[in-house]
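# Coordinate analysis (summary)
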Amino acid sequence: MTLGARFTGSLRTLTPADRGAILERGRADVDPVVEARVRGILEQVRKGGDDALLALTRELDRAELSSLEVPRAALEAALSRLDRGLCRALERAARNIERVQRAFLPSPVEVESEPGVWVARRADPLAAVGVYAPGGRAAYPSSVLMGVVPARAAGVGDVVVCSPAGPSGAPSDVVLAAAAIGGATRVFALGGAQAIAALAFGTQTVPRVDRIVGPGNAYVAEAKRQVAGVVGIDSPAGPSEILILADETADPAHLARELCAQAEHDPEASCVALLSSEELARAVADALAKSAPVRLDIVSASLSSRGAVLSYDDLEGALAFANEYAAEHLLLAVRDPSALLPRLRNAGTVFFGEGASVAFGDYMTGANHVLPTATAARSFSGLSSLDFVRWTTTQRIGRGAASNMADDVGLLASSEGLPAHAAAAAAFGGTAPGGEERAGPAARPSYAKMALYTSGRRPCAVDLSDNTNQRGAPPSALAVLGRAESESLARYPSHYADGLKRALAARLSIGADSIVTGCGSDDVLDSAIRAFAGPGDALAYSVPTFAMLPFFCHMNALEPRPVPLLGGERAHDIDADALLATGARVIYVCSPNNPTGTRASRAAIDRVVKDAPGLVILDEAYVEYSGESLVREASERGKLLVVRTLSKAWGLAGARIGFAVGPPALVSEVEKSRGPYKITRLAEEMAEAVVDHDHAWVEEGVREVLSARARFEAWLEGRGLAFVPSAANFVLVSVPDAAARATRLRALGVAVRPFPGLEGLGDALRISVGPWPLMERILPTLAEVLT
């Protein structure tokens, strides 16, 4: 059965009467009967607590409850019973929501309003929130995720879910499973206005919360309105809405599907299409008439009473109407949506693009489907992690700044008749004590968290602390040094080391436009991070890893998101799911890892690259010793940047040469961030010569290290010393009191790098591997100290 003539929307040009009629439909007038009934329910719960809740549940939901709270075991059991495909879909949706909502969280801001006066603002998570999950016509697990996951992403400690009890005395399995996936801390079998009352006032069992969010029926919406002075609430919500703004490039069948999709929510749903021609309007109406939605009665009732397919002559008028209507969902199916977006200010959310469908936003994009309706989008926004934080401002005032402000503050206070204020300011008047000079400018707040980096290296007879090439410099580099002319030092180097890029491109069989160079791989990493992440964005990385990563975060005012390496059967592999769940703008992977020396699995790397929301940096500083590199693939993978160095196998640590390979468009952005003149003229000449002529020398050195590494690991194993099997030019040895043992070794002429308290490993020493004669010479010293 199709909609056919059941759809009676007017096919005409938008008129003032149409505008008025459509806007009138969106008005959220309060039903006095509902208002009075809800007021009674709220008062009953406020006075009667749990007993009132049980009585109301019996009366209104026809449910007998033995307990208001759903046990944690019931959530886990519901999750175990859930269809595996549905479970995976919910988990994917939760990951996307968390990724987006974490990215939405603001960073702390500190501003110097005048010398010595610093005003800061930070977002603090609420202590407890309540999430209402409807359970009337159907169960909506997606609504559970849309409330719970942003709250958890914001850092809320207690996330309480209320959802009506079904025949079993508990919410449906799918709601309980969604609560478990989303990370709800408690779940209650409560629905309707009584659930809102319990969350707002608290009872013997249900905790009082700071904010209540989530969609519901008219009684739920009215209850939230009435408790808004007691707790915070999200935006007012009523029946679903969609406004489609389309031109001749749109597919009529697609537009009809979108109208039906929103109409099936509720007989009161408002579904309006505003089209650029009468022909398109007729085509959409015809497509609707041929539609055969499963929920035919609901769709038909919605479209017949609250649907419209209209055309417009004047784009300006159509845009003005869209802003006035402020629809919950606005779908732009036009040739150039980006030209219209800046002019559309009032909508719950806007969809555009070749694959745009409101259904994707309802479930999977990571945005939120809890949105304002009934023109509330003029002043309210959709639910997000920002709804689960409150702002704290701080004001730091120096003595000199107080003296400078005192007179003007006194004038303002006196003008308002507040003499005590004036006196309080006047106490700081005059010159600061001792005639002190104003304090100098304060550094960025993120720098306050950062100590000056040092590796602790000092000269030592045998230095195995820095993983450099123990064979020394390559022959072609020494030859360049021997014939260096004064011009190599007196003149500026090339802007971006184009000669070196060409040499590397020939060596790797890739285009030179896929390569960016820098003053060591550190410089390349810093430039890439700065190019793709701004202040407040997150940088995710596995721990333990390269010690500079936290410094890059603080230097660039980023939020660090450390993720432990895996244990068990996949020990020391990266946790791809956890890295992706951070939603970080940049994900850093070091393989082989420093300091563990272990490789990340190819499957895990591919997963991160495939699903990451932003840039993925793969640091291959030690890849020559592991034999598996993605560098030749990097230029073809849209968000992967593979970083390499000439400091290890290539023997040029003192020349500070790093480079990265990626798609040309990505590399171009990194190069902008890197800036010119980063590699000295002499260093570039040496690097070019080594890349062109010394690959056999490098390969010979790698073979020496691999052989020595195997013999060294066998020696460690023979003495019962625990170590991490390595794919690099060093071995990480687990020992207690690593710092003290490193100090003792140094006193005996051997330098190694101590790592106290490594995540998942404890204390350890990282020992670089050189040619076997060198290693054999120091074995007695290692045996004395380590065993």
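Our subject is the structure that appears above.
This write-up is about the structure you can find in this document. None of these values were measured; they are calculated from a predicted model. (Residues numbered from 1 in each chain as written. Predicted model: local features only at pLDDT ≥ 70, side-chain atom pairs only at ≥ 80, totals over all residues. Heavy atoms only, no water.)

### Here's the deal with the overall build of the chain
Put simply, the rule reads: Secondary structure elements follow DSSP: runs of H or I of four or more residues count as helices, runs of E of two or more count as strands, with numbering from the N terminus. Only protein chains enter the calculation, and the probe is 1.4 Å; a residue is then buried if its accessible area is under 20% of its type maximum, exposed if over 50%, and partly exposed in between. Two residues qualify as a contact provided that any one of their heavy atoms is within 4.5 Å of a heavy atom in the partner residue. Surface accessibility in these figures is a Shrake-Rupley result with a 1.4 Å probe; residues are shielded only by whichever protein chains are displayed. In this tally Asp and Glu are treated as negative and Lys and Arg as positive; neither His nor the chain ends contributes. Where a charge lies is defined by one atom per residue type, namely NZ (Lys), CZ (Arg), CG (Asp) and CD (Glu).
A tally of helices and strands in the chain yields 29 helices and 28 strands. Counting all 787 residues of the chain, 52% fall into the buried class. Here the contacts in the chain between residues at least 6 apart in sequence split such that 74% fall between residues at least 24 apart. Accessible area of the chain: about 34,100 Å², with a carbon and sulfur share of 53%. Measuring between centres, the 79 positive side-chain charges of the chain sit 3 Å from its 91 negative side-chain charges.

### Comments concerning the pairing of strand β21 (residues 615-619)
Stated formally: For two strands to count as paired, DSSP must find a minimum of two bridges between them. By convention, orient the strands away from the viewer: a clockwise path from the first strand over the helix to the second makes the crossover right-handed.
The element β21 is largely enclosed, with a buried count of five among its five residues. Burial along β21 is two-sided: Leu615, Ile617 and Asp619 facing one way and Val616 and Leu618 facing the other are all buried. Where strand β20 (residues 586-590) lies against β21, five bridges are found, and the strand directions are parallel. Looking at the pairing, Cys590 lines up with Asp619 of β21. A crossover connection joins β20 to the parallel β21 through helix α23 (residues 602-611); in handedness this β-α-β unit is right-handed. As defined by bridge partners, β21 adjoins strand β22 (residues 640-645) across four bridges and the pair is classed as parallel. Counterpart to Asp619 in the pairing with β22 is Val643.

### A closer look at the nonpolar core
This is how it is decided: In plain words, nonpolar cores are sets of buried Ala, Val, Leu, Ile, Met, Phe, Trp, Tyr and Cys residues tied together by side-chain atoms within 4.5 Å.
Core analysis: the largest hydrophobic core is formed by 85 residues, its most contacted members being Ile574, Ile587, Phe712, Leu765, Ile767 and Leu782. Discounting chain neighbours no more than four positions away, the residues touching Leu782 are Phe712, Trp715, Leu745, Ile767 and Thr787. Among the nonpolar cores identified, the runner-up in size contains 71 residues, and Ala94, Ala133, Ala165 and Ile212 belong to it.

### Notes on unusual backbone geometry
Looking along the chain, the bond that leaves Val543 and enters Pro544 is cis, with omega of 0°. Structurally, Pro544 is set in the loop between β18 (538-543) and α21 (549-555). The omega torsion across Ser591 and Pro592 is -5°, close enough to zero to call that bond cis. Secondary-structure assignment places Pro592 in the loop between β20 and α23. With a phi angle near 55°, Ala497 is a residue other than glycine that sits in the positive phi range. Here Ala497 is to be found in the loop between α18 (487-490) and α19 (498-508). Assessed through its relative accessible area of 2%, Ala497 is described here as buried.

### Let's talk about the side chain of Thr598
The line we're drawing: Whenever a nitrogen or oxygen atom comes within 3.5 Å of another N or O atom, the pair is scored as a polar contact, on the condition that within protein one atom can donate a hydrogen and the other can accept it, and that pairs from neighbouring residues in sequence are kept only if both atoms are in side chains.
Secondary-structure assignment places Thr598 in the loop between β20 and α23. Polar side-chain contacts of Thr598 include one of 2.6 Å to the side chain of Thr596.

### Some words on the packing of helix α4 (residues 84-104) against helix α5 (residues 141-154)
Heads up, the rule is: Comment: axis = line fitted to C-alpha atoms, over the contacting stretch for helices; angle = value between 0 and 180 degrees taken between N-to-C directions. Should the near helix be turned counterclockwise from the far one by less than a right angle, the crossing is left-handed, whereas a clockwise turn marks it as right-handed. Put simply, Ala, Val, Leu, Ile, Met, Phe, Trp, Tyr, Cys and Pro go in the nonpolar bin, Asp, Glu, Lys and Arg in the charged bin, and everything else, Gly too, in the polar bin.
Two elements in contact, α4 and α5, have axes whose closest approach is 9 Å; the angle formed by their N-to-C orientations is 40°. As α4 packs across α5, the resulting crossing turns out to be right-handed. In contact with Leu90, Ala93, Ala94, Ile97, Glu98, Gln101 and Arg102 of α4, α5 contributes Pro141, Leu145, Met146, Val149, Pro150 and Ala153. Looking at the contact of α4 with α5 residue by residue, the class counts come to 10 nonpolar, one polar and two charged.

### A word on the environment of Leu383
Mapped onto the elements of the fold, Leu383 is located in the loop between α14 (358-363) and β15 (389-397). With a relative accessible area of 4%, Leu383 lands in the buried category. On a C-alpha basis, the gap between Leu383 and His369 in space is 7.6 Å, while along the polypeptide they are 14 residues apart.

### Digging into α4
How we decide: Expected helix span is given by 1.5 Å per residue-to-residue step, counting one fewer step than there are residues.
Across its 21 residues, α4 extends 30 Å between first and last C-alpha, which sits within 8% of the 30 Å expected from 1.5 Å per residue. Every buried residue of α4 is accounted for by Cys87, Leu90, Ala93, Ala94, Asn96, Ile97, Arg99 and Gln101. In the core, the buried residues of α4 are packed alongside α3 (72-81), α5, α6 (173-182), α14, α22 (576-581) and α23. Two or three places before Gly85, at the start of α4, stands the capping residue Asp83, its side-chain oxygen 3.0 Å from that residue's backbone nitrogen.

### Topic: the pattern of salt bridges
To keep things clear, this is the line we draw: Note on definitions: salt bridges are taken to be side-chain nitrogens of Lys or Arg within 4 Å of carboxyl oxygens of Asp or Glu.
Under the definition given, this model contains 36 salt bridges. Between Arg306 and Glu268 there is a salt bridge, with its nearest N and O atoms 3.6 Å apart. Of the two residues, Arg306 sits in helix α11 (residues 296-306) while Glu268 sits in the loop between α9 (252-263) and β11 (270-275), which places them 38 residues apart along the sequence. Using a relative accessible area of 41% as the deciding quantity, one classes Glu268 as partly exposed. Between Asp611 and Arg607 there is a salt bridge, with the nearest N and O atoms lying 2.8 Å from each other. Here Asp611 pairs with Arg607, and both are found in helix α23, just four residues apart, close to one helical turn. Here the residues in one salt-bridge network are Glu35, Arg39, Glu222 and Arg225, joined through shared partners.

### Some details on the pairing of β18
The element β18 is largely enclosed, with a buried count of six among its six residues. The alternating pattern of β18 places Ala538, Ala540 and Ser542 on one face and Leu539, Tyr541 and Val543 on the opposite face, and all of these are buried. Note on the crossover from β18 through α21 to strand β19 (residues 559-564): the handedness is right-handed. For β18 and β20, the ladder comprises three bridges, and the chain directions are parallel. The residue bridging Leu539 from the neighbouring strand is Val586, located in β20.

### With respect to a negative patch on the surface
Applied cut-off: Each patch groups residues whose relative accessible area exceeds 30% and which form no salt bridge, using 9 Å between like charges and 5 Å between nonpolar side chains of Val, Leu, Ile, Met, Phe, Trp and Tyr.
A contiguous patch of negative charge on the surface is contributed by Glu112, Glu114, Asp407 and Asp408. Listed by contribution, the elements that provide at least two residues to the negative patch are β3 (109-114) and α15 (399-415). With respect to the helices, strands and loops of the structure, Glu112 is situated in strand β3.

### Regarding the packing of helix α7 (residues 192-201) against helix α8 (residues 218-226)
Cut-off, in case you're wondering: Angles are sorted into four bins: roughly parallel if under 35 degrees, roughly antiparallel if over 145, roughly perpendicular if 65 to 115, and oblique for all others.
Between α7 and α8, whose axes approach to 7 Å, the crossing angle comes to 25°. Classified by the interaxial angle, the pair formed by α7 and α8 is roughly parallel. Like other packed secondary-structure pairs, α7 and α8 cross with a definite hand, here right-handed. Across from Gly192, Ala193 and Ile196 in α7, the residues of α8 making contact are Tyr219, Val220, Ala223 and Lys224. Looking at side-chain class alone, the contact of α7 with α8 contains five nonpolar, one polar and one charged residues.

### A word on α9
An ideal rise of 1.5 Å per residue puts 16 Å on 12 residues; α9 measures up with 17 Å between its terminal C-alpha atoms. Taken together, the buried positions of α9 are occupied by His254, Leu255, Ala256, Glu258, Leu259, Cys260, Gln262 and Ala263. Where α9 begins, one side-chain oxygen reaches toward the backbone nitrogen of Ala253, 3.1 Å away; that side chain belongs to Asp251.

### With respect to the sheet that holds β15
Spatially, β3-β4-β15 is the arrangement adopted by the three strands of the open sheet, whose pairing is antiparallel. Sheet topology places β3 and β15 at the edges, where each strand pairs with a single neighbour. Mean inter-strand twist for the sheet, computed between neighbouring axes without regard to direction, equals 20°. Summarising the sheet, strand β4 (residues 117-125) and β15 pair through nine bridges and their orientation is antiparallel. Paired with Asp124 across the two strands is Arg390, which belongs to β15. The strands that α15 touches are β3, β4 and β15; relative to β15, the one it contacts most, it runs at about 85°.

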